[in-house]
Amino acid sequence: MTTENGTTAKQTEILDKALILVGESGLSGLTIRKIAERMNFSEPALYRHFPNKQAVILGLMDRLEVMLVDAARHIAEETSLPARERLSRIITHHVQLVRKYNSLPILLLAEASTSDDPVLLDRMRTILHAYMALLVEVVTEGQAMGTIDPSVQPNCLALGLMGTPTALAVRHRLFPDTAFEDRIEEAWIPYFLDRIGPVEGGHQ
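A few points on the structure. Computed from a predicted structure; not experimentally measured.

## Section: the pattern of salt bridges
- Within this structure, the stated rule accounts for 15 salt bridges.
- Measuring nitrogen to oxygen at the nearest pair gives 2.4 Å for the salt bridge that ties Arg-123 to Glu-65. Taken as a pair, Arg-123 in helix H7 (residues 118-145) and Glu-65 in helix H4 (residues 53-76) lie far apart in primary sequence, 58 residues in all.
- For Glu-141, the salt bridge is made with Arg-86, and the minimal N-O distance between the two is 2.6 Å. Linking Glu-141 in helix H7 with Arg-86 in helix H5 (residues 83-100), this pair joins segments that are 55 residues apart in sequence.
- Through salt bridges that share partners, Arg-99, Glu-181, Asp-182 and Glu-185 make up one connected network.

Right, dumping it as structure tokens:
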């Protein structure tokens, strides 16, 4: 049986196990042998579903696109909500994704960058470009409506917004701290979104 995105049920199960392994030991600890062990497969049996580790990582990138970009797009399309509220929800979702999957987005980016694999690099560029484009779109809408400071270029604001979950992913991997990460969600994200509001009388 094949799902809508072309992944078989067994491939989906394998990717689920791969996500767990990445959460435990990072991409450096992700090997075909370890995935096969988790699946109670032999290595040759696993190769029938994924020909190599690159294919597994590409499968994880597809999963990331669904979890990050598709989710962000759904929020961005909720036009009944103010732009700043949608941006807050997108960034909060990104932070929660980082926490749930042990910094998966930054790990995949690092893998693509350090491997110098053009296929992985192009796939990650596509994902990040789509995500940034959604942030820029919502920022631009907010600026047009007068709810977001128009003095800063939308792509600069989008980069600043993406900076919080990206920096947290690095910190989470090195120094996981539940209380601190709760404060990022509960206090920092609302504070940052308030700071990019419209300038009134020369003050935020």
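## Section: the packing of aromatic side chains
- Counting across every chain of the model gives two aromatic pairs.
- Ring plane angle 35° and centroid distance 5.6 Å describe the contact between Trp-188 and Tyr-191, whose orientation is recorded as tilted. You can see Trp-188 and its partner Tyr-191 sitting in helix H9 (residues 178-195), three residues apart, about one turn around the helix.
- Seen from their ring centres, Trp-188 and Phe-192 are 5.7 Å apart, and the 40° between their planes marks the pair as tilted. Here Trp-188 and its partner Phe-192 are both found in helix H9, four residues apart, which amounts to about one turn of the helix.

What counts as what
- Residues numbered from 1 in each chain as written.
- Predicted model: local features only at pLDDT ≥ 70, side-chain atom pairs only at ≥ 80, totals over all residues.
- Heavy atoms only, no water.
- Salt bridge = Lys/Arg side-chain N within 4 Å of Asp/Glu carboxyl O.
- Helix = DSSP H or I, 4+ residues; strand = E, 2+ residues; numbered from the N terminus.
- Phe/Tyr/Trp six-rings, centres within 6.5 Å; stacked < 30°, edge-to-face > 60°.

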